[in-house]
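Structural overview for review
So you can see what is in the structure, the chains are spelled out below.
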Amino acid sequence: MAASKKQTQRLETEIEKHRAECNWQKVTEIAKQLHSKGSTSLETLTHLILGESHLETYLKEHPLKEKNPDIAGAKKTLESAKKHLQHAMKGEAKYGWVQEARLLFGKLYYALSDYEECLGYYAKAGLDDLTVETMSNRKLRMIAEAFAVKGMALEKSPPKTTSKIKIAQMEEQIISCYEKSGDIALLYLQECEKGRSSSLSASSSSSAFAAAPSTYVGPLLETAIQRAPILHIQMGDLERGINRFRLVLRAVESRATQNMRMTLARQLAEVLLRGVCDSTYSPPQPPLGPDKSGSLSRPSAGGVIGTAIKVAGMKSANLALRPKQYIGEHLFVPKEVTEETLLLLLISESLATKEAILSRSEEHTKSRVYTLQNACAVYDLLTIALVKRAQYEMLSESFDRSMRFSFEEFHLWMQFALSLICAGKYQRALLVLRECHRMEPKNALVALHAAKLCFNHLQRMDEGIDWAKKVLELGDDSPYAHKGYQALGIGCSLKASEAPLQAERQELQKKALDAFMRAYSLDENNHEHLFYIGLQYALVRQISEAIGFVRKSLKLNDTHLESLHLLALLLSAQKKYQEALKVIEIALSGHPSNLSLLFTKVKLEEFVYDSEEALMTCKRMLELWKSTHESMLSNESSRGTGLLERVTSDKRSLAHIHLVEFSDRDSAAKYVQNPPKSSVHNSIAASRVEQALSEVASSIHSYTPRQGPQQAWLLQVQIWLTIAEIYLSMKKPDEATACIQEASSIFPLSHHVMFMRGLVHEYKHEFLEAKKFYSDAVSINPGHIKSLQHLGVILHDLGNSVLAEKVLRNAVNMDPTSHHAWNSLGKVLECQDEFDSASQCLLTAVELESTSPIIPFTAIPRLL
Amino acid sequence: MATMEQRMLQEWIAECKSLSRAELSSYGRMLKEQKEITEAIYGVFQQPDNELRDSICGQLFEFYRSGDSECRRFCLQYIPSILYYYLTPSNKNKSLDRLEALLLGIYNLDVVEVDGRQKVKTCIIPTLAKPSIYHEPVHLSSVALTESALSSHQKKETQLIKSGPFPQEKIITAQNRFSILSHVLYIYNTGIACMKGTSHEILCKMCSHLCTTGYTKQSLTPQTNGSLSTSTLSDSTSLLTNGYPEYQPRVHLSPEFMIEMLTGVYYVMFNGHQKSGREALENIHYVACQQLLSEVILVTSAIKNSLSSNPSGQPADGPIGISIALTPSTPTFTRAAITNASFKARRVSRASGK
């Protein structure tokens with residue numbers, strides 16, 4: 001007898017274990033064994049668990065939803081379950097089996113859409129007054145589910161009165177059911193986890209842990225947990241809804257809840273993004289120390305979580321049925337809506353990417369798409385939250401993590417590309433865009449973005465032109481056709497500036513103009529197209545045509561900086577310096593701290609007024625440079641790294657710097673390549689050589705490169721050299737030398753610095769030194785026309801006319817618009833008694849001079 | 001009718017003028033109740049010319065300057081109307097001095113602390129490497145070992161997002177116009193939940209209006225990506241363009257301003273203005289694509305994608321558009337498939353097995 005009792009006990013624990021794991025198949029098997037044995041002592045239990053397994057198996061296939069569509073079928077299937085449960089009810093009342101049976105009945109009747117009966121059973125079971133003892137996991141789950149079903153049944157029952165107070169009370173009751181259900185469910189899951197980890201601690205290998213089945217939460221409990229906060233929000237109480245979300249999320253997670261956590265974290269982030277603003281946000285309460293309420297860590301008072309306590313019921317005993325929460329002194333508690341949103345999204349992202357399915361086999365397609373969409377939803381929210389704060393770096397890294405499961409997912413790839421562009425990782429962005437293009441070859445936006453990268457940042461003119469052509473292949477009906485033509489035009493125009501051969505150059509210039517014209521015809525209300533036509537005409541020195549188009553452009557957008565600048569240069573080409581200066585003044589009134597305009601202004605002032613005036617403007621430029629860059633640079637040296645990040649983290653100041661420094665939308669590098677003083681052929685190669693040389697220099701000498709963005713320093717160099725030039729024209733070589741010294745302390749190996757040194761020596765008639773500096777400048781940048789021209793002149797002065805002629809021919813070949821070079825060449829030829837050629841050269845020089853602007857037109861950036 | 005409103009407003013302004021500063025702050029609570037006045041002021045900004053506009057701007061600034069939160073809110077609710085009026089190209093040659101003064105005043109008051117120091121707002125970028133009230137780092141180790149993941153481990157100090165300090169501005173120029181306007185719109189957005197429906201509706205209208213003026217109809221209709229179920233052209237635009245689209249200059253918005261617009265529109269579309277919100281979104285998206293503004297396209301396509309297909313709720317799904325998202329019913333559905341995490345575990349176990 002004792003043995004059998006032991007056996008019964010063993011059986012009972014086994015049943016209990018399987019019940020807790022919801023392994024109904026096993027439970028049924030054991031129950032059937034018992035049934036066949038006919039052991040009377042366990043009859044009640046047998047009936048109970050048989051009924052239970054029938055019911056649960058049915059529910060697994062037909063989850064409780066809005067309304068059971070097939071009540072008749074359900075009745076039939078659940079008949080046996082019903083019978084077993086009825087038997088169980090008749091049995092002796094010990095072990096609380098009757099209560100369990102009642103709880104199961106409630107569920108059963110809900111499945112049959114008989115909500116009255118369902119609620120009746122719960123009332124009989126005394127669901128609301130359950131006293132807390134040590135409960136088995138199964139019992140916990142049952143109670144949690146019972147509360148969930150009760151909530152659902154209450155929602156289904158039609159309101160009995162029209163009294164608003166009554167209805168509100170009813171709603172309150174429903175929410176309270178869900179909240180209780182949720183709390184108990186979380187506790188249940190934590191208990192399960194505890195049980196598992198203790199049983200697993202013996203076999204400690206990680207693979208065994210991974211293989212352990214995680215507890216099944218089930219739609220019922222998930223609904224209960226998610227429904228409570230949503231109901232709060234639907235009733236208009238956002239605050240309570242948010243706090244309910246928080247309460248659930250603060251519960252210590254178990255493996256089973258991971259998926260739900262991902263959803264809940266995302267949902268709370270959604271609520272914060274869509275329903276809360278800074279002034280209505282109240283941060284979560286910091287956790288209280290463990291001393292206060294033992295393992296419960298529930299703040300005893302406090303407005304925010306106070307609601308939860310109220311809902312938990314007044315019985316203090318019920319408090320035990322709460323899940324454990326994260327506690328500790330060093331927990332991060334968000335204080336701002338952005339902080340909390342980001343934290344939630346990061347958690348959600350981490351879970352979503354973990355869960356994302358990589359297998360691409362047919363059988364997993366459905367779940368793969370499901371996990372992908374979950375991840376995608378998080379990424380979309382992350383994008384919305386991070387772009388608002390200009391955190392592109394972080395965003396691009398997040399997308400980077402998503403790439404592993406985003407094969408053939410155009411949306412994610414494209415977002416990745418865009419985030420890379422925003423984060424300034426152009427090279428990589430282009431690679432990603434190529435992949436996007438492979439996926440959607442007909443998407444004009446992809447090609448346009450790629451072209452933009454090629455022109456504005458990567459200096460890949462040919463590839464950019466190819467991208468532009470891809471846009472044009474889509475036909476002129478495409479809404480982006482005009483943009484495609486614009487891209488083509490810019491590409492051709494840029495390429496023309498670098499082209500070595502005259503014929504090729506002319507052809508490219510013509511192509512560029514045609515493209516801009518086409519763009520304009522497709523989008524007539526776009527000032528950019530008009531501006532580019534104007535610029536293109538200016539580059540081929542058709543000044544009056546150019547002026548016409550620029551004026552039209554300004555009619556459409558009277559604050560367009562580049563148009564204003566171009567107009568000023570065009571007027572200067574017509575030698576209307578007064579008017580040009582007036583235009584610059586107007587432009588400066590709109591863009592007072594634009595250094596590009598100020599450079600032009602200095603030049604004009606030298607002509608119109610005198611050098612003193614120009615020097616005053618230079619002083620203003622230095623002040624401007626200081627006020628805009630110095631704080632940033634000093635910040636830099638003290639912190640050491642990541643200046644760009646910090647600058648970009650503040651989108652407003654970044655925009656400001658853009659306007660100040662580079663006078664265009666988003667090119668940092670452009671201004672450097674085309675500083676206003678330099679001539680056409682100031683190539684990228686030259687700046688690279690300079691950089692390489694400075695690196696060498698810094699390794700040999702004590703020269704240490706200045707910290708901070710090179711562009712900012714280059715601008716300062718440019719200002720110093722401009723001042724030096726003015727001093728030289730004022731016949732003050734010593735002051736000029738001092739300025740050059742200043743510039744050279746920043747960039748000792750810049751060809752601009754070399755050239756200026758040469759000029760000073762030439763002024764002092766120190767021809768040999770001058771020659772040395774000019775040839776140094778030319779060897780750094782073989783395309784520096786001014787150096788070439790002066791080198792030619794010096795060589796000629798030194799008596800080496802043959803070499804002088806060669807150098808000067810070289811110069812006019814590279815830039816046939818430089819009248820200085822033509823002029824010098826003419827003079828050299830004249831001395832060699834080649835009068836015919838000389839006169840031709842001089843004539844060309846005169847012609848060119850009549851259309852030459854005060855600063856080359858190429859100073860104006862050509863950007864997509 | 002118009003004159004009656006006009007008279008009412010005149011009396012109201014006179015009344016406000018007579019209030020002392022102390023009274024002004026207590027007046028704030030009453031402002032909320034004055035529906036007729038509120039509506040009438042909206043009306044003023046909708047008319048092309050109204051002689052009271054300047055004095056209303058002055059009064060609104062007085063309210064904003066009083067520092068009382070209700071008074072400020074009262075002023076801020078008109079920001080969309082004011083920006084609508086201010087940025088409409090046809091209003092360019094009207095006297096906008098007082099309007100600019102109001103916008104500039106709001107901006108300048110917000111960029112400094114009460115004691116005159118420049119305001120710098122900071123916000124912590126949370127990291128999963130440190131425990132929070134919502135997670136334990138052990139359970140959420142990031143899958144990818146990126147450079148930044150490493151550096152964030154090394155960093156002792158938490159990463160901060162800093163905004164500010166912003167310079168005080170004396171005058172609105174083409175150069176600083178949109179940074180000032182963006183900031184003003186940002187101030188509006190920080191209190192957007194306290195604004196009324198009318199203000200929200202006008203916000204959407206403003207966005208649609210600024211993004212459609214000057215764009216011709218035929219360039220708006222064909223869209224390559226994304227279906228345009230809602231009508232793209234708002235009624236106001238078709239009225240304004242009036243058949244001469246090419247003579248209506250475009251409004252040249254900055255990306256940062258457009259992102260602020262989107263922040264507001266995103267809130268509004270989930271709080272009762274689904275239709276006009278979506279319309280505004282489509283219009284902003286169109287302009288962003290035309291100008292290849294990558295940061296704006298990032299946001300617009302994120303919102304569009306989350307609206308078209310995915311588990312995040314729709315604006316129609318009740319408030320805030322959240323609905324219950326259940327885990328697919330079969331509990332073992334991922335067991336066999338290789339997930340991102342299991343892939344890593346597998347590689348680790350294989351490596352350690354060898």
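All residue numbers here refer to positions counted from 1 along the written sequence of the relevant chain. Each chain is given a letter, starting from A, and each ligand a number, starting from 1, according to the order in which they appear as written. Per-residue local features of the predicted model are confined to residues with pLDDT of at least 70, and side-chain atom pairs are confined, for both listing and counting, to 80 or more; whole-chain, interface and lining totals are unaffected and use all residues. Side-chain metrics in this entry use all non-hydrogen atoms of the structure; hydrogen atoms and water are not considered.

By the naming in an unreviewed UniProt entry, chain A is Tetratricopeptide repeat protein 7B-like, taken from Saccoglossus kowalevskii. UniProt positions are given in the numbering used here, feature names are shortened, and annotations may be inferred rather than shown by experiment. You can read under Sequence similarities (unreviewed entry) in the UniProt record for chain A the words "Belongs to the YPP1 family."

With that settled, consider the overall build of chain B. Note on conventions: DSSP H or I runs of at least 4 residues are helices, E runs of at least 2 residues are strands, and numbering of each starts at the N terminus. Looking only at helices and strands, chain B has 16 helices and 2 strands in total. Each residue gets one of three labels from its accessible area relative to the maximum for its type: buried under 20%, exposed over 50%, partly exposed in between, using a 1.4 Å probe on protein chains only. Buried positions account for 53% of the 354 residues belonging to chain B. For every accessible area listed, the method is Shrake-Rupley and the probe measures 1.4 Å; residues are considered covered only by the protein chains on display. With an accessible surface of roughly 15700 Å², chain B has 54% of that area assigned to carbon and sulfur atoms.

The next subject is the overall build of chain A. On a plain count of helices and strands, chain A comes out with 41 helices and 0 strands. In chain A, buried positions account for 59% of the 864 residues. When contacts within chain A are restricted to residue pairs at least 6 apart in sequence, those whose partners lie at least 24 apart make up 66%. As presented, chain A carries roughly 35300 Å² of accessible surface, and 55% of it is formed by carbon and sulfur atoms. Only heavy atoms enter the contact rule, under which two residues are in contact if any of them lie within 4.5 Å.

Once that is clear, we can look at the environment of tyrosine 326 of chain A. All names here are of chain A. Looking at where tyrosine 326 falls in the secondary structure, it is placed in the loop between helix 14 (303-311) and helix 15 (337-355). Among the residues examined, tyrosine 326 registers a relative accessible area of 5% and is labelled buried. Separated by 39 residues in the primary sequence, tyrosine 326 and proline 287 have C-alpha atoms spaced 7.8 Å apart. In this structure the side chain of tyrosine 326 is engaged in a polar contact, spanning 3.2 Å, whose partner is the backbone nitrogen of glutamate 253. Any pair of N or O atoms that falls within 3.5 Å is considered a polar contact. Within protein, one atom must be able to donate a hydrogen and the other to accept it, and sequence-neighbouring residues count only if both atoms are side-chain atoms.

Okay, the confidence of the model for chain B next. Residue and element names in this part refer to chain B. Chain-level pLDDT for chain B is 79 on average; 74% of the residues reach the 70-or-more range. A score between 0 and 100, pLDDT records how confident the predictor is in each residue. Here residues 218-246 scores under 50 on pLDDT; set against residues more than four positions off or in separate chains, the count is 40 contacts. In the model, residues 329-334 has pLDDT below 50 throughout and makes 7 contacts with residues more than four positions away in sequence or in other chains. Interface confidence for the predicted complex, expressed as ipTM, amounts to 0.87; the pTM equals 0.85.

The next thing to look at is the nonpolar core. Throughout this description, the term nonpolar core refers to a set of buried Ala, Val, Leu, Ile, Met, Phe, Trp, Tyr and Cys residues connected via side-chain atoms within 4.5 Å. Phe857 of chain A together with Trp12, Leu60, Phe63, Leu253, Phe257 and Met261 of chain B are the most contacted members of the largest nonpolar core, which has 364 residues in total. The element that contributes the greatest number of residues to this core is helix 34 (residues 710-729) of chain A, accounting for 13 residues. Beyond its immediate stretch of four places on either side in the chain, phenylalanine 257 of chain B contacts Leu83, Leu87, Phe178, Leu181, Ser182, Leu185 and Leu210 of chain B.

Our focus in this paragraph is the pattern of salt bridges. Residue and element names in this part refer to chain A. Just to be clear on terms, a salt bridge is a Lys or Arg side-chain nitrogen sitting within 4 Å of an Asp or Glu carboxyl oxygen. Evaluation of the coordinates by the stated rule reveals 35 salt bridges over all chains. For glutamate 435, the salt bridge is made with arginine 438, and the minimal N-O distance between the two is 2.7 Å. Of the two residues, glutamate 435 and arginine 438 are both situated in helix 19 (residues 426-439); the distance of 3 residues between them amounts to about one turn of the helix. Looking at glutamate 435, the relative accessible area reads 22%, which means it is partly exposed. Look at arginine 438 and you get partly exposed, because its relative accessible area is 45%.

Glancing now at helix 38 (residues 785-797) of chain A. Residue and element names in this part refer to chain A. Every helix has an expected span of 1.5 Å times one less than the residues it contains. Helix length check: helix 38, at 13 residues, gives a terminal C-alpha distance of 18 Å against a target of 18 Å (1.5 Å per residue), a fit within 8%. Taken together, the buried positions of helix 38 are occupied by Ile785, Ser787, Leu788, Gln789, His790, Leu791, Gly792, Ile794, Leu795 and His796. Summarising the contacts, the buried residues of helix 38 are in contact with helix 36 (751-763), helix 37 (767-780), helix 39 (801-814) and helix 40 (819-831). Positioned one or two residues after helix 38, glycine 799 has a phi angle of 95°, which is positive.

All names here are of chain B. A one-sided burial pattern is seen for strand 2 (residues 160-163), the buried positions being Ile161 and Ser163 and the unburied ones Leu160 and Lys162. Here the rule is simple: two strands pair whenever DSSP picks up at least two bridges between them. As judged from the 4 bridges shared by strand 1 (residues 121-124) and strand 2, these two strands associate in the antiparallel manner. Paired with cysteine 123 across the strands is isoleucine 161, a residue of strand 2.

Along the chain, asparagine 594 of chain A turns up in the loop between helix 27 (577-590) and helix 28 (595-608). For asparagine 594 of chain A, the side chain forms a polar contact with the main-chain nitrogen of leucine 597 of chain A, separated by 2.9 Å.

This part is about the state of the cysteines. Here, two cysteine sulfur atoms that lie within 2.5 Å of each other are counted as a disulfide. Here the structure, examined in full by the defined rule, presents 0 disulfides over all chains. Not part of a disulfide, cysteine 618 of chain A finds its nearest cysteine sulfur in cysteine 739 of chain A, a span of 8.8 Å.

Next up on the list: helix 14 (residues 274-290) of chain B. Residues and elements named next belong to chain B. Between its terminal C-alpha atoms helix 14 stretches 24 Å, which fits the 24 Å expected from 17 residues at 1.5 Å a residue. Extensive coverage of helix 14 is indicated by the burial of 14 of its 17 residues. Leucine 292 sits one or two residues past helix 14 and shows a positive phi near 55°.

Let us now look at the environment of glutamine 118 of chain B. Residue and element names in this part refer to chain B. Topologically, glutamine 118 is positioned in the loop between helix 7 (97-110) and strand 1. The class for glutamine 118 is partly exposed, based on a relative accessible area of 40%. Along the primary structure glutamine 118 and asparagine 108 are separated by 10 residues, whereas in three dimensions their C-alpha atoms are 10.0 Å apart. If sequence neighbours within four positions are ignored, glutamine 118 has contacts with Val111, Val112, Glu113, Pro165, Phe166, Pro167 and Gln168. Polar side-chain contacts of glutamine 118 include one of 3.0 Å to the backbone oxygen of phenylalanine 166.

Once that is clear, we can look at the packing of helix 4 (residues 53-66) of chain B against helix 5 (residues 69-76) of chain B. All names here are of chain B. With axes taken as lines fitted to C-alpha atoms, and helix axes fitted only over the stretch in contact, angles between N-to-C directions fall between 0 and 180 degrees. Between helix 4 and helix 5, the shortest axis-to-axis distance is 7 Å and the interhelical angle comes to 145°. For the crossing formed where helix 4 meets helix 5, the hand is left-handed. Between helix 4, through Leu60, Phe63, Tyr64 and Ser66, and helix 5, the contact on the second element is made entirely by Cys71, Arg72, Phe74, Cys75 and Leu76. Residues were grouped as follows: Ala, Val, Leu, Ile, Met, Phe, Trp, Tyr, Cys and Pro as nonpolar; Asp, Glu, Lys and Arg as charged; and all remaining residues, including Gly, as polar. Here the contact of helix 4 with helix 5 is built from residues that sort into 7 nonpolar, 1 polar and 1 charged. For a crossing to be left-handed, the near helix must be turned anticlockwise from the far one by less than a right angle; the clockwise case is right-handed.

Attention now moves to the packing of helix 38 of chain A against helix 40 of chain A. Residues and elements named next belong to chain A. In the contact formed by helix 38 and helix 40, the axes pass within 9 Å of each other and the chain directions differ by 20°. For the element pair helix 38 / helix 40, the angle class is roughly parallel. Note that helix 38 runs across helix 40; the crossing there is left-handed. Every residue of helix 40 that contacts helix 38 at Gln789, Val793 and His796 is listed here: His820, Ala821, Ser824, Val828 and Cys831. To sort the angles, those under 35 degrees are grouped as roughly parallel, those over 145 as roughly antiparallel, those from 65 to 115 as roughly perpendicular, and the leftovers as oblique.

We now examine the side chain of histidine 790 of chain A. Residue and element names in this part refer to chain A. One can find histidine 790 in helix 38. Here glutamate 762 takes part through its side chain, which lies 2.9 Å from a polar atom of the side chain of histidine 790. Ignoring any residue separated from it by four or fewer positions in sequence, one finds histidine 790 in contact with Phe755, Leu759, Glu762 and Tyr774.

Glancing now at the packing of aromatic side chains. Ring geometry is summarised as follows: Phe, Tyr and Trp rings, the Trp one being its six-membered ring, pair when their centres sit within 6.5 Å, and such pairs are stacked at plane angles under 30 degrees, edge-to-face over 60 and tilted between the two. Inspection of the entire model under this criterion finds 21 aromatic pairs over all chains. Ring geometry for tyrosine 110 of chain A and tyrosine 115 of chain A: centres 5.1 Å apart, planes at 50°, overall tilted. There is no split in this pair, since tyrosine 110 of chain A and tyrosine 115 of chain A are both buried. Relative to phenylalanine 63 of chain B, the ring of tryptophan 12 of chain B lies with its centre 5.9 Å away and its plane at 45°, an arrangement referred to as tilted. You can see tryptophan 12 of chain B sitting in helix 1 (residues 2-18) and its partner phenylalanine 63 of chain B sitting in helix 4, a full 51 residues away along the chain. We classify tryptophan 12 of chain B as buried; its relative accessible area is 2%. On the basis of relative accessible area, phenylalanine 63 of chain B is assigned to the buried category, the value being 0%. In this structure an aromatic cluster arises from ring pairing among Trp12, Tyr27, Tyr42, Phe45, Phe63, Phe74 and Tyr78 of chain B.

We now examine unusual backbone geometry. You will see that glutamate 408 of chain A, though not glycine, has its phi angle at about 65°, which is positive. Looking at the secondary structure, you find glutamate 408 of chain A in the loop between helix 17 (392-402) and helix 18 (410-422). Under the relative-accessibility criterion, glutamate 408 of chain A is labelled partly exposed at 37%. Within the chain, leucine 292 of chain B stands out as a residue other than glycine whose phi angle is a positive 55°. If you trace the backbone, leucine 292 of chain B turns up in the loop between helix 14 and helix 15 (294-308).

To continue, consider the confidence of the model for chain A. Residue and element names in this part refer to chain A. For chain A, the average pLDDT comes to 80, and 81% of its residues sit at 70 or higher. Low confidence marks residues 201-212, where pLDDT is under 50. Its contacts with residues over four positions away, or in another chain, come to 8 contacts. Under a pLDDT of 50 for its full length, residues 290-319 has, in the predicted model, 39 contacts with residues more than four places off or in other chains.

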